[in-house]
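One-letter residues, chain by chain:
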Amino acid sequence: MERKSGWEIWNENKIKDSFEYCEKYKEFLSKNKTVRKFVNSCVEIAENIGFKNINEFKKLKKGDKFYKVNKGKEVIFGVLGNKKLIEGCRFIVAHVDCPRIDLKTTPLYEDENIALFKTYYYGGIKKYQWLTIPLALHGVVFMKDGSFKEIEIGEKEDDPVFTITDLLPHLAKEQIKRTIEDGFPGENLNVFVGTIPDKSKDKEKIKSNILKILKEFYGIEEEDFISSELELVPAGKSKDSGIDKSLILSYGHDDRVCSYTSFTAFIDSLNSENNNFCILVDQEEIGSRGSTSAGSSFFEYFIEEVLEKSDYSVSDIKKTFQNSKAISGDVNTLLDPNFKEAYDPRNSAKIGCGVVLTKITGGRGKGGSTEPTGEYVAYMRKIFDKNNVLWQPGEIGKLELGGGGTVATYFARYNIDTIDCGTGVLSMHAPFELVSKADVYSTYEAYKAFYREE
Ligand code: MN
Ligand code: MN
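Below or above, wherever it landed, is the structure these notes cover. Given the structure is predicted, the values throughout are model-derived calculations rather than measurements. Residue numbers here run from 1 along each chain, matching the order of that chain's written sequence. To label them, take the chains in the order written and letter them from A, then take the ligands in the order written and number them from 1. In keeping with the predicted nature of the model, local features appear solely for residues at pLDDT of at least 70, side-chain atom pairs appear and are counted solely at 80 or more, and the whole-chain, interface and lining totals rest on all residues. To get the side-chain values, take all heavy atoms of the structure and skip hydrogens and water.

Only DSSP runs of H or I covering at least 4 residues are called helices, and only runs of E covering at least 2 are called strands; the numbering of each starts at the N terminus. In terms of regular secondary structure, the protein is built from eleven helices and 20 strands. A compact globule built from 454 residues should have a C-alpha radius of gyration of about 22 Å, and the protein, at 23 Å, falls within 12% of that. Dimensions of the protein, computed from the C-alpha atoms along their principal axes, are close to 70 × 55 × 45 Å. Each residue gets one of three labels from its accessible area relative to the maximum for its type: buried under 20%, exposed over 50%, partly exposed in between, using a 1.4 Å probe on protein chains only. Of all 454 residues assigned to the protein, the portion counted as buried reaches 54%. Sequence separation of at least 24 residues holds for 76% of the intrachain contacts in the protein that already meet a minimum separation of 6. Throughout, the Shrake-Rupley method with a 1.4 Å probe supplies accessible areas, and for residues the shown protein chains are the sole cover considered. Accessible surface for the protein amounts to roughly 21,700 Å². Of this, 49% is attributable to carbon and sulfur atoms. For the charge count, each Lys or Arg is scored as positive and each Asp or Glu as negative, with His and the chain ends excluded. To locate a charge, take atom NZ for lysine, CZ for arginine, CG for aspartate or CD for glutamate. Put simply, the protein has 63 plus and 71 minus side-chain charges, and the middle of one group is 2 Å from the middle of the other. Computation of the radius of gyration draws on C-alpha atoms alone. For the globule rule, the value is 2.2 Å times the number of residues to the power 0.38. Note on contacts: a residue pair qualifies if any of its non-hydrogen atoms lie within 4.5 Å across the two residues.

The next thing to look at is the sheet that holds strand 18 (residues 417–422). The criterion for strand pairing is that DSSP finds at least two bridges linking the strands in question. An order of 1-2-3-13-4-14-18-16-17 is seen for the nine strands of this open sheet, with the pairing classed as mixed. Each of the sheet's edge strands pairs with one partner strand only, and the pair in question is strand 1 (52–53) and strand 17 (391–393). Looking at chain direction, strand 1 and strand 2 (residues 65–70) are connected through two bridges and run parallel. Note that in strand 2 the partner of Lys52 across the bridge is Phe66. Against the sheet, helix 6 (residues 253–267) touches strand 3 (74–79), strand 4 (90–95), strand 13 (276–281) and strand 18, its axis set at about 150 degrees to strand 4. Interaxial angles span 0 to 180 degrees and are taken between N-to-C directions of axes, which are lines fitted to C-alpha atoms, for helices over the stretch in contact. Each of strand 4, strand 13, strand 14 (325–328), strand 16 (355–358) and strand 18 is contacted by helix 11 (residues 437–452), which is oriented at about 150 degrees to strand 4, the strand it contacts most.

Right, let's get into the pattern of salt bridges. Should a side-chain nitrogen of Lys or Arg be within 4 Å of a carboxyl oxygen of Asp or Glu, the pair is scored as a salt bridge. Tallied over the full model, the rule gives 25 salt bridges. Lys14 serves as the salt-bridge partner of Glu445, at 2.8 Å between the closest nitrogen and oxygen. Of this pair, Glu445 sits in helix 11 while Lys14 sits in helix 2 (residues 12–31), and the two are 431 residues apart along the sequence. You'll find Glu445 and Lys14 in the same group, each marked buried. The residue Glu23 makes a salt bridge to Lys26 at a minimum N-O spacing of 2.9 Å. Pair noted here: Glu23 and Lys26 are both in helix 2, with a separation of three residues, about one helical turn. With relative accessibility at 40%, the residue Glu23 sits in the partly exposed group.

Moving on to the coordination of the manganese ion (ligand 1). The manganese ion (ligand 1) binds to the protein through Asp254 (OD), Glu285 (OE), Glu285 (OE) and His429 (NE2); the donor distances cover 2.1 to 2.7 Å. Mapping the donors of the manganese ion (ligand 1) onto the primary sequence yields the spacing D-x30-E-x143-H. For Na, K and Ca the donor cut-off is 3.2 Å, while for other metals it is 2.8 Å, and in both cases only N, O and S atoms qualify; water is not among them, so sites may look incomplete.

Moving on to the state of the cysteines. The rule for a disulfide is simple: a pair of cysteine sulfur atoms within 2.5 Å. One pass over the structure, following the stated rule, counts zero disulfides. You can see Cys42 has no disulfide; the closest cysteine sulfur is in Cys278, sitting 7.0 Å from it.

Our next topic: the coordination of the manganese ion (ligand 2). Summarising the metal site, the manganese ion (ligand 2) is bound by the protein donors His95 (NE2), Asp254 (OD), Asp330 (OD) and Asp330 (OD), whose distances to it range over 2.2 to 2.6 Å. Written as a sequence motif, the donor residues of the manganese ion (ligand 2) are H-x158-D-x75-D. Assessed through its relative accessible area of 1%, His95 is described here as buried.

Turning our eyes to something else, we now look at the packing of aromatic side chains. For Phe, Tyr and Trp, where Trp contributes only its six-membered ring, two rings pair if their centres lie within 6.5 Å, and the inter-plane angle classes them as stacked under 30 degrees, edge-to-face over 60, or tilted in between. Within the structure shown, the criterion is met by 35 aromatic pairs. Look at Phe77 and Phe263: their rings are 5.0 Å apart centre to centre, the planes differ by 50 degrees, and that puts the pair in the tilted class. Of this pair, Phe77 sits in strand 3 while Phe263 is found in helix 6, placing the two residues 186 residues apart along the sequence. The residues Phe77 and Phe263 share a single accessibility class, namely buried.

Dropping the structure here:
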């Protein structure tokens, strides 16, 4: 079953469309490097085309466009079509959180005339990849009086950036013998913050000077860090990659590529007959356990509210879910020529060959997988082929090497037909991940087909 790449089978117009779409994707990624920013920007776009907070609706009817934000970090957009809600809805869910380096609760300290931040890495990272690269500080500090200060340092041309140091090769004789796992302890991921002392102080002069600057420019005291959400992410913009510019190198493709493609497919399918929903969740990279994650009841309560405002009863949710269809939009692996030994080449997705439809996630004996029915897989094949979507089947990698899960389980458990389908990514969870523009565009087209198909 040889699959051809989009570059091989698409005509010039389609290739141009895919490049143009990806310009907007890159811009959106570069602008929205935190969960809150991503959610806010999506809401802003939606409001500009007539979406309103669901609280503003007493009743919902066909054509109504509504959304609800959960604590600034999760959002569900909905639009009602001609179909009855109990005949089912279409859900695409993607996560907007990405691996990153968070500041610890009490981060600032001084050592060897250097002020540093203690950090806590968020998500499954290979720690060594995050050393010696330019990092930007993003986030919000919440004050006791209810006010908050937004911080972004490291993205503007003349902004300073941050970095975590690594040991020089000349002295790394012992370090290089260690495993990657214990060669880079998490407690060593301390970020340099400054080196100029406050001469008026007797001790911790450097730390004092940093606190003085933070107070002066941001109005922040040391204790305010406790209620902050500050994170370090790779500095700089998303970039084209390759001499032919067919790829995008960027922070955050996992899973903002599926978030962006599902959101744009959703707003480009507003006249569909279906009841469509786009769900952007937080906290996937740390196990979906929090109130803004796919594991939260927010989704269920939201659908209950939609049912009630559409003159159904809350108990109709069972029928609604049973007749619904969902895509868990998350990235998948691609066969990497540099690490072929990790993949089964016959069952791995290939770069540029389209959106990846994944029947089996999990690891080892399908452990943790939410395997959809064969009927549902056939349904997806049908709508993709009917709409000329470039797609390919794919699995995570060799059976016993590891594996991974997605938020599919939180939708499948409601008895909603749920399948994993998303963009293939290389160097997943690295500071800079790589995707093909053909795959980004075909993900958008796949999601559009799903929202529009009757
Ligand atoms: Mn991930
Ligand atoms: Mn993911």
